Amino acid sequence: MPDHLIRIIVSFKRALSRIAIAGATLFGISALVFCLIHLIPGDPVDVMLGEGASLADRESLRQQLGLSAPLSVQFVHYYLKLAELDLGVSLQTQQPIIELLASRAPYTFALAGVALGFALLLALPFGICAALRPQRWPDHLGAGFALLGGAFPNFVLGPLLIVIFAVQLGWLPIGGADSARSVVLPAATLSLGLAAILSRQLRAALLGVLAEPYLRAATARGLPFSTILRRHVLRNAALPVLTVFGLQLGALLGGAVITETVFAWPGLGTLTIEAIERRDYPVLQACILFISATYVMINTLTDLVSAWCDPRIDSAG
Amino acid sequence: MTPRWYQHWWWVVLAAWGVVACMAPLLGDAINQISLPRMFAEPGAGLWLGADELGRAILPRVLAGAAISAPLAALVVTATLIFGASFGAVIGWCGGTLELLAIRVMELFQAFPGLLLAIALAGLLGPGLGNVALALCVVGWVGFARLARAQTASLKHREHVLAARALGTPSWRILLIHVLPLMAGPLLVEATFAFASTIAAEAGMSFLGLGAQPPTPSWGSMLREATQFLLIAPHMLLGPGLAIISLVMAVQTAGERLRDYWQAPASLSPSLRSSQRRDSIIMTR
């Protein structure tokens, strides 16, 4: 068999096993989410309806949630419904939860996408300048930015940006999602922490590449510095940064809960908090499941892309 | 390169917050003294950080907040460190199917965005600092367990451990005397970073209304109040905001310094150590 064909088969098998692991993780996640509702101290029905609810109401809710069946039956039932993408209905609005998720998710994805873009815009100049002048002022500036950015919580930065850009200067809306401009402040808030980590990661990756002999060879061949930077340095430094990128996305999705609350951004984060406040536990479960499943899938995708870019990485590992 | 004087800022900040956290109970009732005439008073002489929506002075409340955040974070980190490290060390030592199974369980916990799982748990358990601490414990132990497992799995093949086994030393004794001291450094570094992130997470959850309830002066819940009056009294952000940022920055820097200390090979001269320092910080991130 030709060599390249073997390589394709091997990488295909590795990709398959990576996907199988992701599938198992998704199964485990949904099992944990199933357990969540049984963690509520006391009777979940009492907690959801309050003390004053009538016996009939309680019984109908218990039936609706299937809580009167034995745990094993509930468990199987839960997975059967999950397979049909039936997540039940909201206790508050009686709306199918899948519709709720579908209406909110685009907002969260848009916010996360713009925040990623902002983070790259911030991290690239800081990381590149720091790596090109290590231990000099651009590097110290980058280190200071990373330290401050890593310690600035969303719930301080968000209100601060509101005070400056929405109240004092009046350039941008305070909150909501009425116009495209509304996304700027929440995305900026969400991006700072990510930019701090990415810039340092980029710096480390660049320093590693800059020490490689092939760069000296490229310089010796007389290539202009900008070409070297673009073609040899940034490309090779992209991979470790990509890995961190995938991992940090979880922090981004978790942080979105707080950021969305600050800016009243109608995404999954505010839906989660609303569900907690209204004790709408089926919605809460669905939110956690959906966000975590997204996180797992993005991480799997990142792994597959890194393995595809650099065959030395064992994607099954 | 010896550190310049200003590079020692972090432990000055840490020490200051430590003293404040210990002295905070002396503030007594001052933190809850309502005075409606000075409602939303801006910072000025005698009222350094201004007053809040009930005319309570913000400065003593911020100081008292240290006595809530720091002990809670210390408690959570200690509990997760002890549980996680013992769990990781035991499964790393036993190996085999048990280890594989435990690794899968830990991966499962890490498959959730951490803060999200903590928020969901605290939401289900009901508001309160105790539930926040419990939720943070459930999420936090995995990091220590993974680290301890990896360390134990590699340390158990060291010669001094083999020698101890040959002499018939019981496993618990080997783990305690011959393995634990060798992984104490990395665990301590991890614990320092965990302390910083726990402070931020507790504040975040109190900000969402899941943690400390009024009138408890937790930094997160003070910020929650501040955002409700953002348009009329933006100065309310200042005190609790600066408190969280300064403490988290100082603890993170402490963690980085500790990591340098344990990571730099002993053979390196001190000057080489510090020049290698930054790179080692970054590489492990």
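Residues numbered from 1 in each chain as written. Chains lettered and ligands numbered in written order. Predicted model: local features only at pLDDT ≥ 70, side-chain atom pairs only at ≥ 80, totals over all residues.

Another point: the overall build of chain A. If you tally the helices and strands in chain A, you get 12 helices and zero strands. Taken from N to C terminus, the helices and strands of chain A fall in the order α-α-α-α-α-α-α-α-α-α-α-α. Summarising its shape, the C-alpha atoms of chain A cover approximately 85 × 70 × 30 Å along the three principal directions. Put simply, chain A has 317 residues, and 35% of those count as buried. Of all intrachain contacts in chain A linking residues separated by at least 6 positions in sequence, the fraction that spans at least 24 positions is 71%. (Helix = DSSP H or I, 4+ residues; strand = E, 2+ residues; numbered from the N terminus. Buried ≥ 20, exposed ≤ 12 C-beta atoms within 10 Å, placed from the backbone. Contact = placed C-beta atoms within 7 Å.)

When its secondary structure is counted, chain B shows 10 helices and zero strands. Put simply, chain B runs from its N terminus to its C terminus through helices and strands in the order α-α-α-α-α-α-α-α-α-α. With respect to the three principal axes, the spread of C-alpha positions in chain B is 75 × 50 × 30 Å. In chain B, once contacts between residues fewer than 6 apart in sequence are set aside, the share between residues at least 24 apart is 68%.

On the side of chain A, 44 residues touch chain B, which itself brings 36 residues to the contact. Elements represented by at least two residues in the side of chain B that touches chain A include exactly α3 (96-110), α4 (114-125), α7 (171-207), α8 (219-228), α9 (238-263) and α10 (270-284) of chain B. Counting residues per element, the side of chain B that touches chain A draws most heavily on α4(B), at eight residues. Per-class residue counts for the side of chain B that touches chain A are 26 nonpolar, seven polar and three charged. (Nonpolar A, V, L, I, M, F, W, Y, C, P; charged D, E, K, R; others polar.)

Core analysis: the largest hydrophobic core is formed by 156 residues, its most contacted members being Ala115(A), Cys287(A), Leu116(B), Ala118(B) and Ile119(B). Here this core gets 17 residues from one element, more than from any other, and that element is helix α2 (residues 58-94) of chain B. Excluding residues that lie within four positions of it along the chain, Cys287(A) makes contacts with Leu268(A), Leu271(A), Thr272(A) and Ala275(A). (Core = buried A, V, L, I, M, F, W, Y, C linked by C-beta atoms within 7 Å.)

All right, on to the confidence of the model for chain B then. All names here are of chain B. The predicted model of chain B has a mean per-residue pLDDT of 84, with 91% of residues at 70 or higher. Note that pLDDT drops below 50 for residues 265-285; the model gives that stretch 23 contacts with residues more than four away or on any other chain. As a predicted assembly, this complex carries a pTM of 0.86 together with an ipTM value of 0.83. (pLDDT = per-residue confidence, 0-100.)

Once that is clear, we can look at unusual backbone geometry. The residue after Pro214(B), namely Pro215(B), is reached through a cis peptide bond having omega 5°. For Pro215(B), the location among the structural elements is in the loop between α7 and α8. The residue Leu85(A) is not glycine, and still its phi comes out positive at about 60°. Relative to the helices and strands, Leu85(A) resides in the loop between α4 (71-83) and α5 (97-132). On the basis of neighbour counts, which here come to 9 C-beta atoms within 10 Å, the residue Leu85(A) falls in the exposed class.

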